[in-house]
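# Analysis of the macromolecular model
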Amino acid sequence: NLEIIFVGRSNVGKSSLLKELFGAKVRIGKRPGVTLRPTHAQVSDLLITDMPGFGFMSGVKDRKQDIVKDKTVHYIEDNAERIKIGVLVIDGPAFPEIVDRWDSRDQIPIDVEMFDFLREIGIDTIVAANKMDRIKENESDPLLDEVSARLGLEPPWQNWKHLIAPISAKKGDLKSLKGLLRDRLHEMKRDDLF
Ligand code: GDP
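Report on the accompanying structure.

A few words now on the site of the ligand. The environment of the ligand is formed by 16 residues, the closest being Asn-11, Lys-14, Ser-15, Ser-16 and Asp-133. Val-12 has a polar backbone atom sitting 3.2 Å from an oxygen atom of the ligand. Within the side chain of Arg-134, a nitrogen or oxygen atom sits 3.4 Å from a nitrogen atom of the ligand. Within the complex, the protein chains bury 77% of what would otherwise be the 580 Å² of accessible surface of the ligand. Counting residues per element, the shell around the ligand draws most heavily on helix α1 (residues 14-22), at three residues. Among the residues making up the shell around the ligand, the classes are represented as two nonpolar, seven polar and seven charged.

Among the nonpolar cores identified, the biggest contains 32 residues, and Val-7 and Ile-76 are the most heavily contacted of them. Counting only elements with at least two residues in this core, the list comes to β1 (2-8), α2 (64-79), β4 (83-91), α3 (95-104), α4 (110-120), β5 (124-130) and α5 (137-150). Per-element tally for this core: the top contributor is α4, with six residues. Not counting chain neighbours up to four residues away, the residues in contact with Ile-76 comprise Ile-5, Ile-83, Met-114, Phe-117, Leu-118, Ile-121 and Ile-123. Counting 27 residues, the second largest nonpolar core, distinct from the first, contains Phe-6, Ile-126, Ala-128 and Leu-193.

Our next topic: the environment of Phe-54. Structurally, Phe-54 can be placed in the loop between β3 (46-50) and α2. What makes Phe-54 buried here is its relative accessible area of 0%. Taking the C-alpha atoms as reference points, Phe-54 and Gln-65, eleven residues apart in sequence, are found 5.2 Å from one another. In this structure, Phe-54 is in contact with Val-7, Gly-8, Arg-9, Ser-10, Gln-65, Val-68, Ile-110 and Met-114, ignoring residues within four places of it in sequence.

Relative to the elements of secondary structure, Lys-14 occurs in helix α1. Residue Lys-14 is classed as buried on the basis of its relative accessible area, which comes to 8%.

Attention now moves to α4. Buried within α4 we find Ile-110, Asp-111, Val-112, Met-114, Phe-115, Phe-117 and Leu-118. Just downstream of α4, Gly-122 is the residue with a positive phi angle, here 90°.

So, on to helix α6 (residues 175-187). For α6, spanning 13 residues, the distance from its first C-alpha to its last is 18 Å, which sits close to the expected 18 Å at 1.5 Å a residue. Listing the buried residues of α6 in full gives Leu-177, Gly-179, Leu-180, Leu-181, Arg-184 and Leu-185. Contacts made by the buried residues of α6 are with β1, α1, β3, β4, β5 and β6 (164-166). Among the residues trailing α6, Lys-189 stands out with phi positive, at a value near 65°.

Conventions adopted
- Residues numbered from 1 in each chain as written.
- Predicted model: local features only at pLDDT ≥ 70, side-chain atom pairs only at ≥ 80, totals over all residues.
- Heavy atoms only, no water.
- Near = heavy atom within 4 Å.
- Polar contact = N/O pair within 3.5 Å; in protein donor to acceptor, adjacent residues only side chain to side chain.
- Areas by Shrake-Rupley, 256 points an atom, 1.4 Å probe, with all protein chains shown as cover.
- Helix = DSSP H or I, 4+ residues; strand = E, 2+ residues; numbered from the N terminus.
- Nonpolar A, V, L, I, M, F, W, Y, C, P; charged D, E, K, R; others polar.
- Core = buried A, V, L, I, M, F, W, Y, C linked by side-chain atoms within 4.5 Å.
- Buried < 20%, exposed > 50% of the residue type's maximum accessible area, 1.4 Å probe, protein only.
- Contact = heavy atoms within 4.5 Å.
- Expected span 1.5 Å × (residues − 1).

Quick look at the structure:
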């Protein structure tokens, strides 16, 4: 068995993305209430896992972010052998500012921490920079340069096209992400998914 996990902050559009990617094949979506457990779906021999979003939710204590982070880290450590691909979903246009805000408090942003952790543990990690429809076409490259710099990947972002996929779940523009997933699955001899 082979697993792909999707991680990201709340509200980055992870559910929208999963719905677009797997559609009727998978029923991942908004869970009722607040749950800290991952949601799974099986697509042929591929296990798709939607990790709970980290970040603030109204009515939930701030500590939720830490709890979700700890649980996510444990889940990934426990299943690292089976997890072949990690997709970190970020809100592309909002990302640089979010990272800078954490930096100014001398904290490592949770997304960046998760990106480093996934890579350290040896999981092939793709960053899906969502909500790119919010950015004018000529502002897209400069934004993505900022995104890659904040992930510790030296710009220009085009040097990291095998890791960074600009997408819009809302518009159904997922070409770059599907391409990267297809490449990985092809290497694993699983071709027919995207
Ligand atoms: P999740 O909390 O990460 O699962 O995020 P959701 O899928 O629930 O989306 C959060 C909000 O972002 C919703 O209002 C979506 O309509 C919006 N959203 C999701 N994807 C996109 C996108 O590609 N572009 C824009 N502009 N908004 C999006």
